[in-house]
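Descriptive analysis of the structure
Residues per chain, in single letters:
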Amino acid sequence: MSNNVITTGSPWSVFSGPNLGYVMEQYELFLQNPDEVDSELASLFQQFGAPVLEETSSGAQVAQTGDFNKVLAAVKLADAIRAFGHYGADVYPLKDRPLDFSKIEPQAYGLTDADLAELPASLFLNNVPANVSNGKQAIDYLRSLYTEKIGFEYAHVEDQSERNWIQSKIESGFFKQKLSADEKKAVLEKLTRVENFEKFIHKTFVGQKRFSIEGLDTLVVLIDEIVKSAEKDQMKFLQIGMAHRGRLNVLTHIVNKPYAMMFADFAHVPNDYFFPEDGSIEITKGWTGDVKYHMGATYHKPSGLTVKLAYNPSHLEVVSPVVTGSTRAAQEDTSNPGEPVQDTSKALAVLVHGDAAFSGEGIVQETFNYAGTKGFSTGGSIHIISNNMIGFTTEYYDSRSTHYSSDVAKGYGIPIVHVNADDPEAVIQVAKFAFEYRQMFGKDILIDLIGYRRFGHNETDDPTVTNPKTYLIVDKHPTVRELYGERVVNEGIVTKEFVEQLNQEIYGEMQKSYDHVKAVGEEKGHHLEVEILEEVKQPYPQLETGVSAEELKQINEELLAWPENFEPQNKLARILKRRVEALETGKIDWGHAETLAFASILREGNPIRLTGQDAQRGTFSQRHLVLHDKNNGSEWTPLHNISGAKASFSVFNSPLTEAAIVGYEYGYNLENEKALTIWEAQFGDFANMAQVMFDNFITAARSKWGLKSGLVLLLPNGMEGQGPEHSAARIERYLQLCAENNWIVANCSNAGNYFHLLRRQAKMLGTEGVRPLVVATPKSLLRHPLAAATLEQLSEGKFEEVIEQPGLGQNPKKVERIILASGKVTIDLAEAIKDGEGFEKLHILRIEQLYPFPMEKLSEIIARYPNAKEIVWVQEEPRNQGPWKFALEYLFELAEGKKVRYVGRPEMSSTSEGDMDSHKVAQAKVINDALADL
């Protein structure tokens, strides 16, 4: 045999003779075209590099001729353990799911233990542990890494460096690191607190819902470890989003809400009496309130880390985008002109999902989908499935079509770690790994914490009715505290007596807190009235929103001052250049007025963030906030270059997602209350897909939770023959949700009024009186001459809740009909009456703000017309839609005995006609009927 052999200790040392020659040939081929080489052999070349030859001394031990097929089979086995070991991993605490080892057994690859023993360990492992000396031991070691209490899925991760890093972490023994004795005692104490908290409430407040954590107690351990990692990295903010199960325990043991405050909530004693004196806890409250397991809190840790648990309704996953939006805001410095400066190391989102909801709710996918986009990334969230293997009463096989509830995440290249919730030490290592991965790669990662649910869906529910088999096992299964207590006793860390004493002491601590709550309740009473704030009761104050003509001209010039080497598309350049003369001619259109408003707001120090599916250009090519060079596609954002700007501006085209993006922008505004945060629908009724955000957060968060928001929603609206889904913004739905001055609903007919509306909203940001703003924005009016603004209107005007039609009502005694209308239809009427000649009996009032309804202003105007016989509401929407039914009560009050009449389309199940010809006939009838018999 030749003295030329592969270096011993490398995987190539098993080859000699013909097989060696074959390997050398294959390596040459691999260098030319890797796809033509067997994948397993290619992976060896990638892992170990070229088969390097060395001269050996005559006495060197040379490996005997290896079986080439067995080597490749062995490599396939090792790769299978890495890819499929999770199917056989011991991750189910109840051991009620069959494990699958079929893909990771040697015999499946035609191998015996003896075959494996003949192969070097280096064939399988980059860094061979000292106690591993051959291939059989290496395979056993790999199985121990991939099939014990943690299961890994990362083969779907596209980036090779990420996969290598994950594999290195696993195979270096990272997950087998031992805790110190003190760390183990701390874990035991944490578990004892978690369990006793649930037991105490269960025993003391019988039958009260709490949605207990029991069966997933280590969720608290998991989040606690992530918080510790964030502290070590000197993060500033950590925001948690989760549904109701386990929430009270997380509030107590992660967000540090004192036992007394929590027990006060159950005992119906105001928890205000028990706030920590150091101001470390913040809790906001509304006047209607909410159930305990929807409430949130903020904890300022001594380390400088702020931990928040977001307020959340029962709609499970919908809090995820709210929290990521809030996290983005916490990461951004918006205090300087240009783009905000984002630092993803400042803040982290931790999102806790239920297993049934994670696979079932589409907003989960929406949240994953935007996580890597420029406008919505946060440098990676840590997702946790709080997996109790059931959805209320629904078993997993009825909940989804996939093996794991986590499978939806695979499509986004997100590593998944399954971990047995009954092993706290494994859970801690997984938490450390997840945080390190997020910091290293700036990506989402998913932890599937697999446990069970000890009791029913809530504390009044008997799960044996629908899930008897599972609960036969649960009844006999010890708690994680009991299991871990036994473990640390067996390891000699503590004694049995210590475990029991700790248990009694912690329960006694809780009893003492509750006794204090009872005593305070008896002394101070059980009721503390929370009333609607005076600032919320009041309408917006009269604010100066005009901008001097000189300043507007300067802004206008700066908006059109592109760099010398920048060339927009020719047609667009001509359109934008017309904005110079528009100031002089009084033809400032909608997009122009909006941009001028934005620039002036930036000069006054409010950052602006605008998103939507086509927000940069505008769905109707009306905005053009980001210009593109026609030669090279480079971008120019004029609003980044306004002199005197004191804040940042950002505009992003969002993914084709409504619910998650609306939630994201709402969350952003909660965290950065001075930012004018705007979401625009592509068409108004596309916002239907975000209804859950309007219902549960935007309209009600102030009254339920005390959270104030100034979010702006732009909803293109108007009947123009584009068919049902491109017509009405379903404004009736927003009006139906109006109460307690919870938001403003506007439908402007004039670009100047929109200018002042935006500026008024910006001036209210950060104040107690602020509220969200819904604007039905136009389509055909975007460039309509009758909807244009003058320079004088922008500089000297203000937002008008009601606009009187020019040319009408000049002789008050002759007016017999007063039309009230809102939005585009008022311009249709204006076109029909022209200068008003021949319409002495008519007056038209445009309702620019529908809510709060401008009763006082309208009463003043109507009182000027003593001979008016009827109040006519005109709208283009069908009778059962639009503002008519909302306005009707107000109209009766305004009419004071006058006839109240409706003019518009009849009741329809669709929002509009489906073709242009039908639309024109119907629209003409509305206008003709409104003006008939005058």
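An account of the accompanying structure is given in this report. Once a new chain begins, its residue numbering starts again from 1 and follows that chain's sequence as written. Per-residue local features of the predicted model are confined to residues with pLDDT of at least 70, and side-chain atom pairs are confined, for both listing and counting, to 80 or more; whole-chain, interface and lining totals are unaffected and use all residues. Heavy atoms throughout the structure, all of them, feed into the side-chain values; hydrogens and water do not.

Attention now moves to empty space enclosed by the protein. Grid points spaced at 1 Å over the protein atoms alone were grouped into cavities, where a 1.4 Å probe fits but cannot get out, and pockets, open sets with protein on both sides within 12 Å along at least five of seven lines, with lining residues defined by an atom within 4 Å of a point. Grid points are joined across faces, edges and corners, and a volume is the space filled by probe spheres set on the points. Summed over the entire model, instances satisfying the criterion amount to eight cavities of 30 Å³ or more. Each pocket or cavity is described by its volume, and for the largest cavity that value is around 110 Å³. Taken together, 13 residues line the largest cavity, and the ones lying closest to its centre are Leu559, Arg579, Thr595, His624 and Pro638. Under the scheme used here, helices are H or I runs from DSSP no shorter than 4 residues and strands are E runs no shorter than 2 residues, and both carry numbers assigned from the N terminus. Of all the secondary-structure elements, those providing two or more residues to the lining of the largest cavity are α20 (549–559), α21 (570–585) and α22 (590–603). Any residue outside Ala, Val, Leu, Ile, Met, Phe, Trp, Tyr, Cys, Pro, Asp, Glu, Lys and Arg is labelled polar, Gly included; the first ten of those are nonpolar and the last four are charged. Across the lining of the largest cavity, the residue classes tally to seven nonpolar, four polar and two charged.

A few words on the side chain of Ser280. For Ser280, the location among the structural elements is in the loop between α10 (259–267) and β5 (281–282). Burial classification: accessible surface area is computed with a 1.4 Å probe over protein chains only, and a residue below 20% of its type maximum counts as buried, one above 50% as exposed, and the rest as partly exposed. On the basis of relative accessible area, Ser280 is assigned to the buried category, the value being 9%. Here a polar contact is recorded for every N or O atom pair within 3.5 Å, except that within protein the pair must consist of a potential hydrogen donor and a potential acceptor, and residues adjacent in sequence are included only if both atoms are side-chain atoms. Side-chain polar atoms of Ser280 contact the side chain of Asp278, separated by 2.8 Å. Contacts between residues were defined by any pair of non-hydrogen atoms, one from each residue, lying within 4.5 Å. The contact partners of Ser280, leaving out residues within four places of it in the chain, are Thr298, Tyr299 and His300.

A pair of strands is labelled paired if DSSP reports no fewer than 2 bridges between them. On the basis of which strands lie adjacent, the open sheet formed by nine strands has the order β3-β14-β15-β11-β10-β4-β7-β6-β5 and mixed pairing. One side of each edge strand has no neighbouring strand; the edge strands of this open sheet are β3 (150–153) and β5. Sheet analysis places strand β6 (residues 297–300) next to strand β7 (residues 306–309), joined by four bridges and oriented antiparallel. Counterpart to His300 in the pairing with β7 is Thr306.

Running from N to C, α20 and α21 cross one another at 165°; their axes reach a closest spacing of 9 Å. Accordingly, the angle class assigned to the pair α20 and α21 is roughly antiparallel. In this structure, α20 meets α21 at a crossing whose hand is right-handed. Facing α20, whose interface residues are Leu552, Lys553 and Asn556, α21 presents Arg579, Val580, Leu583 and Glu584. Class assignment of the residues belonging to the contact of α20 with α21 gives a composition of three nonpolar, one polar and three charged. Working convention: axes come from line fits to C-alpha atoms, limited for helices to the stretch in contact. Angles between N-to-C directions cover 0 to 180 degrees. Orientation labels follow simple angle bins: below 35 degrees gives roughly parallel, above 145 gives roughly antiparallel, 65 to 115 gives roughly perpendicular, and whatever is left gives oblique. Handedness of each helix crossing follows the sense of rotation of the near helix against the far helix: counterclockwise by less than a right angle gives left-handed, clockwise gives right-handed.

For strand β4 (residues 237–241), a buried count of four out of five residues is recorded, marking the element as mostly surrounded by other parts of the structure. Bridging between β4 and β7 involves four bridges; their strand directions are parallel. The partner of Gln239 across the bridge, within β7, is Lys308. Bridge count for β4 against strand β10 (residues 347–354) is five bridges, and the pairing is parallel. Bridge pairing in β10 links Gln239 to Ala349.

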